[in-house]
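# Observations on the model geometry
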Amino acid sequence: MASRLAPLRSAVIAAAILAAGAAIALPATAFAAAPAAPHTVTVDSPSAVLSATPWETTGAVDQDGTPVALTDPAVANFVGWAYYDADGTFRMYNLDDTPKMHGDWSIDPNGEARTITAKDDTGAALFTRTVPLVTLTTEEFTYRVTPDANTPDVYYDIIHTPTDHPEPTTTTPSSILAATPWETTGAVDQDGTPVALTDPAVANFVGWAYYDADGTFRMYNLDDTPKMHGDWSIDPNGEARTITAKDDTGAALFTRTVPLVTLTTEEFTYRVTPDANTPDVYYDIIHTPTDHPEPTTAPVPTAPVPTATAPVEVTSASPSATTAPELAETGSAMPVALMSVGVAAAAAGAGALVVRRRRAQG
């Protein structure tokens, strides 16, 4: 038996020796992948050229090479200051330094087209536009726009040259509205005639307004009583303001969008049209910055109302019989809430009095 096992042991040992030798002979790369080459950006790449300097729109020509005025409607939307950062973001401004758009940008690997994706203040994409590059050097950046894809022979080349124009302070309509509290200081009708702030046509829109950068707001009547609170936004073009009033649970009461007439650091004016069927009758509600301290909002009672307390009813004959949105707008919900709290407090006080009498008798 031993003599038969001996050759087998020898074969196993020999195989092990050969395997060990083969392992030693194999290169290390057979066991581990070679490290990936680091991503590099060529200094003279099209992207590097575009991001190396701010650009100013200095000219435009049509398909025949004829100069086109920068105020011509065919090219006016493409005119301004442009700032392309190496991280792939950009900001653009009109030539009067007002904000135009911002977002992300890229140039295709062949350096033949530039793409931008404009975004709103929340980072959501508004649109994406890709244009072919005509020229991109350190001295000129020109792209082509074709207004109608069905007529490709009609196009405009938008010419930009480097500039040392300092980037304007980055402001947006939303940042302007959130930068200061606002006070309603006037109103005018469609004819420009002043309207008293006590006039029923505008009275519901009068008060103090506090818009926070996080998209929330609080409004108060001029006597500092709470009026409404909720969420707000301004559309990407800065043409309209939207508010969604909410109750104390966060449920939406109503949403209202109004066109903006003026929004600067000195004035915030929007337009209200009481009847959509008569758009020629409207009122412009004028607000100006204020340093009026935000009124203290009274805490909402947390103690439950005793079940024995009869609920406060509002009948159709009552002047307070309005819908929830109207209550939120006018602040007339406050008397109802205060009545509820008063009834609850009276009930709680009566209970305490009974307890004290029983203790005295005992």
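Here, every reference points to the structure presented above.
Residues numbered from 1 in each chain as written. Predicted model: local features only at pLDDT ≥ 70, side-chain atom pairs only at ≥ 80, totals over all residues. Heavy atoms only, no water.

Scanning the chain for helices and strands turns up five helices and 16 strands. In the chain, buried positions account for 28% of the 362 residues. Taking all contacts inside the chain whose residues are at least 6 apart in sequence as the whole, residues at least 24 apart take part in 42%. Only carbon and sulfur atoms are counted for the fraction: they give 58% of the accessible area of the chain, which is about 21800 Å². (Helix = DSSP H or I, 4+ residues; strand = E, 2+ residues; numbered from the N terminus. Buried < 20%, exposed > 50% of the residue type's maximum accessible area, 1.4 Å probe, protein only. Contact = heavy atoms within 4.5 Å. Areas by Shrake-Rupley, 256 points an atom, 1.4 Å probe, with all protein chains shown as cover.)

The subject of this paragraph is the sheet that holds strand E8 (residues 156-162). Pairing is antiparallel in the closed barrel, where eight strands are placed in the order E1-E2-E3-E4-E5-E6-E7-E8. Pairwise comparison of adjacent strand axes, ignoring direction, gives a mean angle of 35° for this sheet. Across four bridges, the pairing between strand E2 (residues 81-84) and strand E3 (residues 89-93) is antiparallel. For Ala 82, the partnering residue across the bridge sits in E3 and is Met 92. (Pairing = 2+ DSSP bridges. Axes fitted to C-alpha atoms, helices over the stretch in contact; angles between N-to-C directions.)

Take unusual backbone geometry next. Backbone geometry at Asp 97 places phi at a positive 75°, although glycine is not the residue there. Backbone geometry places Asp 224, a non-glycine residue, at a positive phi of 75°. Within the secondary structure, Asp 224 is located in the loop between strand E11 (216-220) and strand E12 (226-234).

Another point: the sheet that holds strand E16 (residues 283-289). Ordered in space as E9-E10-E11-E12-E13-E14-E15-E16, the eight strands form a closed barrel in which the pairing is antiparallel. For this sheet, the mean angle separating the axes of adjacent strands, direction not counted, is 35°. Relative to strand E13 (residues 240-246), E12 runs antiparallel, the two being bridged by five bridges. Bridge assignment links Ile 234 to a residue of E13, and that residue is Arg 241.

With that settled, consider the pattern of salt bridges. If you walk through the whole model with that rule in mind, you get eight salt bridges. Salt-bridge contacts for Arg 91 lead to Asp 85; the nearest nitrogen and oxygen are separated by 2.7 Å. Given a relative accessible area of 18%, Arg 91 falls into the buried group. Two residues, Lys 119 and Asp 104, come together in a salt bridge whose shortest N-O distance is 2.7 Å. Remark: Asp 104 occurs in strand E4 (residues 99-107) and Lys 119 occurs in strand E5 (residues 113-119); sequence separation between them is 15 residues. For Lys 119, a relative accessible area of 24% translates into the label partly exposed. Judged by its relative accessible area of 30%, Asp 104 is partly exposed. Salt bridges linked by common partners bring Asp 85, Arg 91 and Glu 167 together as one network. (Salt bridge = Lys/Arg side-chain N within 4 Å of Asp/Glu carboxyl O.)

Further remarks concern the nonpolar core. Taken as a class, soluble globular proteins show a tendency for nonpolar side chains to be buried jointly. Counting 25 residues, the largest nonpolar core has Leu 177, Tyr 211, Phe 268, Tyr 270 and Ile 285 as the members making the most contacts within it. Broken down by element, this core gets its largest block of residues, four residues, from strand E14 (residues 252-263). When sequence neighbours within four positions are dropped, the list of residues in contact with Ile 285 reads Thr 184, Gly 186, Ala 187, Val 202, Phe 205, Phe 268, Thr 269, Tyr 270 and Val 272. If you look at the next biggest cluster of nonpolar residues, it comprises 22 residues, including Val 68, Phe 90, Met 101 and Ala 118. (Core = buried A, V, L, I, M, F, W, Y, C linked by side-chain atoms within 4.5 Å.)

Right, let's talk about the packing of aromatic side chains for a bit. According to the stated counting rule, one finds 14 aromatic pairs in the structure shown. With 6.2 Å between their ring centres and 35° between their planes, Tyr 84 and Phe 90 make a pair best called tilted. Of the residues examined, Phe 90 reaches a relative accessible area of 1% and is grouped as buried. Here the aromatic rings of Tyr 211 and Phe 217 are separated by 6.2 Å at their centres, their planes lie at 35°, and the arrangement is tilted. Per residue, the accessibility class of Tyr 211 equals that of Phe 217, and both read buried. Taken together through their ring pairs, the aromatic side chains of Trp 55, Phe 78, Tyr 84, Phe 90, Trp 105, Phe 141 and Tyr 143 make up a single cluster. (Phe/Tyr/Trp six-rings, centres within 6.5 Å; stacked < 30°, edge-to-face > 60°.)

Let us now look at the environment of Thr 193. Along the chain, the position of Thr 193 falls in the loop between strand E9 (182-189) and strand E10 (208-211). Note: C-alpha distance between Thr 193 and Tyr 283 (90 residues apart in sequence) is 9.5 Å. Not counting chain neighbours up to four residues away, the residues in contact with Thr 193 comprise Ala 187 and Val 188.

Right, let's get into the pairing of E3. Of all five residues in E3, four are buried; the element is thus mostly enclosed. Two successive antiparallel strands, E2 and E3, enclose a turn made up of four residues, where Gly 88 displays a positive phi of approximately 90°. Summarising the sheet, E3 and E4 pair through five bridges and their orientation is antiparallel. In the strand pairing of E4, Met 92 is matched with Met 101.

All right, on to the pairing of E10 then. On E10, burial covers both faces: Trp 208 and Tyr 210 on one face and Ala 209 and Tyr 211 on the other are all buried. Sheet analysis places E9 next to E10, joined by two bridges and oriented antiparallel. Within E10, the position partnered with Glu 183 by the bridge is Trp 208. By the bridge criterion, four bridges tie E10 to E11 in an arrangement that is antiparallel. What sits directly across from Trp 208, in E11, is Tyr 220. Counted along the chain from E10 to the antiparallel partner E11, the turn is four residues long, and its residue Gly 215 has a positive phi close to 90°.

That's the geometry; what it means functionally is another story.
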